[in-house]
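Below, each chain spelled out in residue letters.
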Amino acid sequence: MKTFTDAMEFFQFSAGKWRSQRTTHHLPFRRAETGDSDINVEALSVDHPKVLEICTLHEVEAELAIGGAHVTWQAAMAWDQEDDENHEGSTIFVLVPDADNSRKGRLLRERGYAEIVPVIGYYEMDDDGGMVLVTEYETMSSVERFWFVGPNLRMRSSTVKRFGGFSTASFCTEFRVDPETAEASESEKADAAAPYVSVFGW
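Draft legend 1. Spotlight on a negative patch on the surface. Residues D98, D100, E124, D127 and D128 make up a contiguous surface patch of negative charge. On the secondary structure map, D98 appears in strand β4 (residues 87-98).

Spelled out as structure tokens, the structure:
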């Protein structure tokens, strides 16, 4: 399993196009929903205008940032098929590490996932090579963990908690899209699916 020295290295390694397969469990309803999405990740240098813009938005000194990423996505979930509804959008992240530990710090966001407002989350690189993001909103909180199984295969788990209880839990399998072949290798797909009863798929 790949490890990283800091979160910016993780974002740089994540740069490119991804195909994500996702299963979301809506816990209050005891129902599960599947879906898939196309994701594009662009790593942003510390002097990129968007990085400076997000620092200004959150009133954080730009000199404290180490870079960021621009993420766009287009997704479709099973429950939306009847209405032909799609989920698509984009967001920008900026990394501001703690002064005494470059492996954790603040994650400045142009917009959140659970609530579409500017928000500051917190990140930490764990000892197993994963990146954990914790975001507190006014009405809910979310915890996400990302980790690489291989260079072109990434996993993501997340939970959302609101009103004192968990509301959703999700798992994603994300394949890097090779511009030459337009899909991940069959061996990587088989390796990802083997440990699970079904294929989980932001």
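Don't stop here, the text continues.
Draft legend 2. Focus on helix α1 (residues 7-14). Looking only at α1, the buried set comprises A7, M8, F10, F11 and S14. Along the long axis of α1, the arc covered by the buried residues comes to 155 degrees, so they all point the same way. N-capping of α1 is provided by D6, with a side-chain oxygen placed 3.2 Å from the backbone N of M8. Following α1 by one or two positions, G16 has its phi on the positive side, about 130 degrees.

Draft legend 3. Quick peek at helix α2 (residues 49-57). What α2 keeps buried is the set V51, I54 and C55. For α2, the arc enclosing every buried residue in end-on projection is 105 degrees, short of the 170-degree limit, so these residues lie on one face. Summarising the geometry of α2, the exposed residues directed more than 90 degrees from the buried face are P49 and T56. Positive backbone phi, at 55 degrees, marks E59, one or two positions downstream of α2.

Draft legend 4. Spatial organisation of the nonpolar core. Judged by nonpolar contacts, the single largest core of 20 residues is most densely connected at F10, F11, L95, L107 and M131. At 4 residues, the largest contribution of residues to this core is made by α1. Those residues in contact with L95 that sit more than four places away from it in its chain are A7, M8, F11, L64, A65, I66, G67, G68, R106, L107 and Y123.

Draft legend 5. Layout of the pattern of salt bridges. Applying the stated rule across the entire model yields 7 salt bridges. Across the salt bridge formed by R19 and D38, the nearest N and O atoms sit 2.6 Å from each other. Of the two residues, R19 is situated in strand β1 (residues 16-26) and D38 in strand β2 (residues 31-44); the sequence distance between them amounts to 19 residues. By relative accessible area, R19 is classed as partly exposed at 32%. The partner of E174 in a salt bridge is R154, with the nearest N and O atoms 2.7 Å apart. Note that E174 is positioned in strand β10 (residues 165-176) and R154 in strand β9 (residues 153-162), a separation of 20 residues in sequence. R154 matches E174 in its accessibility class, with the two residues each being buried.

Rules of the game
Residues numbered from 1 in each chain as written. Predicted model: local features only at pLDDT ≥ 70, side-chain atom pairs only at ≥ 80, totals over all residues. Heavy atoms only, no water. Patch = residues over 30% accessible without salt bridge, like charges linked within 9 Å, V, L, I, M, F, W, Y side chains within 5 Å. Areas by Shrake-Rupley, 256 points an atom, 1.4 Å probe, with all protein chains shown as cover. Salt bridge = Lys/Arg side-chain N within 4 Å of Asp/Glu carboxyl O. Lys, Arg positive; Asp, Glu negative; His and termini not counted. Charge placed at Lys NZ, Arg CZ, Asp CG, Glu CD. Helix = DSSP H or I, 4+ residues; strand = E, 2+ residues; numbered from the N terminus. Buried < 20%, exposed > 50% of the residue type's maximum accessible area, 1.4 Å probe, protein only. Arc of directions from axis to C-beta. Polar contact = N/O pair within 3.5 Å; in protein donor to acceptor, adjacent residues only side chain to side chain. Core = buried A, V, L, I, M, F, W, Y, C linked by side-chain atoms within 4.5 Å. Contact = heavy atoms within 4.5 Å.

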